[in-house]
Every structure is written in C-alpha cells, then in structure tokens.
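Okay, here's what each chain looks like letter by letter:
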Amino acid sequence: MKKILIISDSFPNPPRNGMELPISKAVNFLNNKYQFDLLIVNFQEILILEKYRSSKNVSFNKIHFQKRKKVSFLKKVIDEFLLKRPFFSNLKVEKQNFNFEIYDIIWVSSTRNVGYIYLLKDFLNKTVLTINDSNYYTYYERIKTLFNGKEKISINKIFNIIRLPFLILHEMKYLKMVSKIHVQTLLEKKRTVSLSINPKKIQVIQNGIDNKLMSLKYEGNSKNILLMSHMTEGREFQTYWFLNKIWPKILNFNNSTKLLIVGTMPKNINSISKNYTNVIFKNYVNELSDAYKNVALSVIPHYQSSGFINRLSDTISAGVPTIISRKISLTYPHFIHNKHGFVFDDSNELINFINRALNNKKLRMQFSKNLSNLATEQPSWESYSKSINKLLLK
C-alpha cells in the first residue's frame, strides 16, 4: 500500500471550507487504497486547536504537527522582490528534519500552503500540488475592483499593485517545481497554462455534488433570501457591499423579506446587526441543508472568477433558484442565464432580478426543476475521488 503525506495548515475532518473539503472527501473514499499521513503546519495557537479537532481522528494513519515560525514583514518584502519566496507563503518551520523519504507521494494542499514546496527540495519529483485558484489572478481581480468603486484605495492595495509582476514570476516558479498540479476548473487550467506551465502536468478534477442537498425538496413558499458570505478574513467588503448598496433597495419593494447571511462572523456581530433591518447573521452551520431550507432564492453577488465556487455547487444541489454575478458564472459554464437562475452584470440588474424572482413563484419553481436536473449531470464525490486516484497513480 502506497504511503501518502498530505501537507495542510488544518485538520480537514469535518471540512469547514473549500480548501478542506476536497482533502476530506478524497481521504474518506481512498483510505482503503492508500495509507494517508497528515502534516499540519501552522502557528502554535492554531496547532493547539487542530490537535484537539484531530483527537478523534479516524481518517489518517498518523498526524504530525510542525510549528510555523513568523517571518518579518521586511524580510517577506525583500525575499519577494529578490524572487526568493513569494510574500504570501514565506514559510519557516521549527523542525526541518521531517522524514519525507518514507512517502511515495507528497500532496500539498492548498494554494496557501505552497510555501512548503520550497522546503521539500529533493522530493519535488513526487510532489502533487492542489491549487484552489491562481494567486496572481486573484490579486489582479482585487486590484481591478479599486477602479470600479467596490473597494477603497489604501496603502496596502497600492502595495499589492506594485507586487503583481513579482507574484506572476513566483507563481510560474513554484508551479514548475512540482511534478503534478490539480486544479478544479477548466478556467484555472487555462490560467495556469498561460504561465508557461506544461498542460500535461495539469489535471482538472471538479469537486463533487452534495447528495444530501439533492434530497431537499424546494417548495417555493418562502420569500427569504440566502447569502453565503463571510464577514471576516479580508472578504467582508463583498458582504457589506450587498448589505449597504443592495439590501435597502430590496426592502423598498419587499418589506417582509428577510436576508439570511451564513459565514464567518466577527466578535462584534451583535452590535453590527443592529444597523440592518430584516437581516439574520449566522455563523457556519453544521448541516448545510439547514441554510437552504425555507428560502426563496440564493444570491451569490461576489465578483471573483477564480477557483471552484462550492456555494454555487451546493445551491445547485439543493435546487434553490440562484442569482449570480457574471464573474461567478465564468467558473461554472454549466449554469445558464434564464434557465437555472439569473446572471447579473451590475447592481441595477441584481436588484431587478431579485425582485422579479421573489414575486414570481412559477419562475422560481421552473428554475428549481432545471437546477435539480443540472445537479444529476455533475460528478459525485465518489467519481471525484476516482479521478484523484488516477492522478496519484500516474
């Protein structure tokens, strides 16, 4: 039985985000074919939490922990500009005498752990890298938002503009270092190939569909809206944009409608919630089905076009009519405007589509039916794991 070491910054079971989910599913489906060990690399306070979470582990043969050491801001900047290490993943660990030789495959997941690649050196020929999205393109997208009024200009964002060409060079470097690359969408493969990466080493394996959500029955009687979005971790600006620019206008025409926001919440969420009418703020839910029950539609207004959007996949699985941004639609070409929901280009279209969907149950029921049909055409987590197995065996 082959031995595989997965390098991550957290314990993936049960999965809490889109980076942990693919690891969790693959290990659970393939642990009868491989012996999986896990190496968690993070700062001390997070390692303590992860040790607790993994104390009831049943998925991994062994779990190892490495304490990550802090690197000064100045050193990160210098190393990035000298093309030594990318700023975002300049990684140092407390113990560097880990025995990698005993493993047949080293699987680094996800993009935010690429810094460990620089520590593998003699073992890159058996290293597989899973990337959720292209780093340079993610920064490029964020920079573009500075010029369309969705984000305010700051010193940090100006610094990111200066860093962009260095990000491109670093991404080209570490993608060429590994033996195999796993991406989740054709769009990500296209972007990766654009960095002069050999397409033969890139495998597209889409995340699976959630069978539990497929068992839900959409009734269409609710008038409430679901927004799966974060209010922390540097991604809250998208949520506040919807809350401040869109939600008041929705309430003008639908004053009894409620907005359910599900995602990571700041500690002061109770005081923040007082500023908004008919909004329910909820942290992560243990069962996704709880979020999709009793809502009329789901809105995904984010302007990212990188990675695989699990919340869209989940919404499709649940058969809940969905309104998504044009950027989001680029990541999921199966979603068709006016068939599975609406695709909007600007805030006025978003408001109009929400009002139209809320006040037309017949239209929502048709969207739900079409989404359910679409879900049956998408890969299962079992087929995803079989594809991962082929990638590992290559």
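Residues numbered from 1 in each chain as written. Predicted model: local features only at pLDDT ≥ 70, side-chain atom pairs only at ≥ 80, totals over all residues. Heavy atoms only, no water.

1. Considerations on the sheet that holds strand β4 (residues 92–93)
To be explicit about the condition: Paired strands, in this sense, are two strands between which DSSP finds at least two bridges. In this description a helix means any DSSP run of H or I spanning at least four residues, a strand means any run of E spanning at least two, and both kinds are numbered starting from the N terminus. In what follows, residue pairs with any heavy atoms lying within 4.5 Å of each other are defined as contacts. Inter-axis angles, ranging from 0 to 180 degrees, are taken between N-to-C directions of lines fitted to C-alpha atoms, where helices are fitted over the stretch in contact.
Taken in spatial order, the 8 strands make up an open sheet running β4-β3-β2-β1-β5-β6-β7-β8, and their pairing is mixed. Edge positions in the open sheet fall to β4 and β8 (202–204), since each of these has one partner strand only. One ladder, built from 4 bridges, connects strand β1 (residues 2–8) with strand β5 (residues 105–109); its direction is parallel. Paired with I4 across the two strands is I105, which belongs to β5. The strands touched by helix α2 (residues 44–53) within the sheet are β2 (34–42) and β3 (62–69), with β3 carrying the most contacts at an inclination of about 165°.

2. Thoughts on the nonpolar core
Note the following rule: The nonpolar core is taken to be a set of buried Ala, Val, Leu, Ile, Met, Phe, Trp, Tyr and Cys residues, with the residues joined through side-chain atoms within 4.5 Å. Between buried and exposed lies partly exposed: a residue is buried under 20% and exposed over 50% of the maximum accessible area for its type, with that area taken using a 1.4 Å probe on protein chains only.
I225, F242, L259, F281, I323, L350 and I354 are the most contacted members of the largest nonpolar core, which has 44 residues in total. The element best represented in this core is helix α9 (residues 236–253), accounting for 7 residues. Leaving out residues up to four positions away in the same chain, I323 has contacts with L297, S298, V299, I300, F342, F344, L350, F353, I354 and A357. Grouped together as the second largest cluster of nonpolar side chains are 35 residues, V93, Y139, I143 and L164 included.

3. Thoughts on a nonpolar patch on the surface
Note the threshold: For patch building, the residue pool is restricted to those with more than 30% relative accessible area and no salt bridge; the joining distance is 9 Å between like charges and 5 Å between nonpolar side chains (Val, Leu, Ile, Met, Phe, Trp, Tyr). Note on areas: Shrake-Rupley, 1.4 Å probe, and residue coverage restricted to the protein chains presented here. What counts as a salt bridge is simple: a side-chain nitrogen of Lys or Arg found within 4 Å of a carboxyl oxygen of Asp or Glu.
Together, F81, I153, I158 and I162 make up an exposed nonpolar region whose accessible area comes to about 370 Å². Structurally, the position occupied by F81 is in helix α3 (residues 73–81). For F81, a relative accessible area of 32% puts it in the partly exposed group.

4. Considerations on the environment of Y103
As for its position among the elements, Y103 is in the loop between β4 and β5. Sequence separation between Y103 and P165 is 62 residues; the distance between their C-alpha atoms is 35 Å. Residues within four places of Y103 in sequence aside, it is in contact with K3, I4, L5, D37, H64, F98 and K126.

5. Structural notes on the packing of α9 against helix α14 (residues 347–358)
We apply this condition: These descriptions rest on fixed angle ranges, namely under 35 degrees for roughly parallel, over 145 for roughly antiparallel, 65 to 115 for roughly perpendicular, and the rest for oblique. When the near helix sits turned anticlockwise from the far one by under a right angle, the crossing is termed left-handed; a clockwise turn instead gives a right-handed crossing. Side-chain classes follow a simple rule in which Ala, Val, Leu, Ile, Met, Phe, Trp, Tyr, Cys and Pro form the nonpolar group, Asp, Glu, Lys and Arg form the charged group, and the remainder, Gly included, forms the polar group.
Contact pair α9 / α14: the axes reach a minimum separation of 10 Å and the direction vectors enclose 40°. Relative to α14, α9 is oriented oblique. In this structure, α9 meets α14 at a crossing whose hand is right-handed. Contacts from W241, F242, I246, K249, I250 and F253 of α9 reach α14 at S347, L350, I351, I354, N355 and L358. Taken together, the residues of the contact of α9 with α14 break down into 9 nonpolar, 2 polar and 1 charged.

6. Details of the sheet that holds strand β14 (residues 341–344)
One open sheet accounts for 6 strands, arranged β11-β10-β9-β12-β13-β14; its pairing is parallel. Strands with a single pairing partner mark the edges of an open sheet, and in this sheet they are β11 (279–282) and β14. Strand-to-strand twist across the sheet, computed as the mean angle between neighbouring axes with direction ignored, equals 20°. Note that strand β13 (residues 322–325) and β14 share 4 bridges and pair parallel. By the bridge assignment for β14, T322 is matched with G341. Lying on the sheet, helix α12 (residues 310–318) is in contact with β9 (225–228), β12 (297–300) and β13; it crosses β12 at an angle near 165°.

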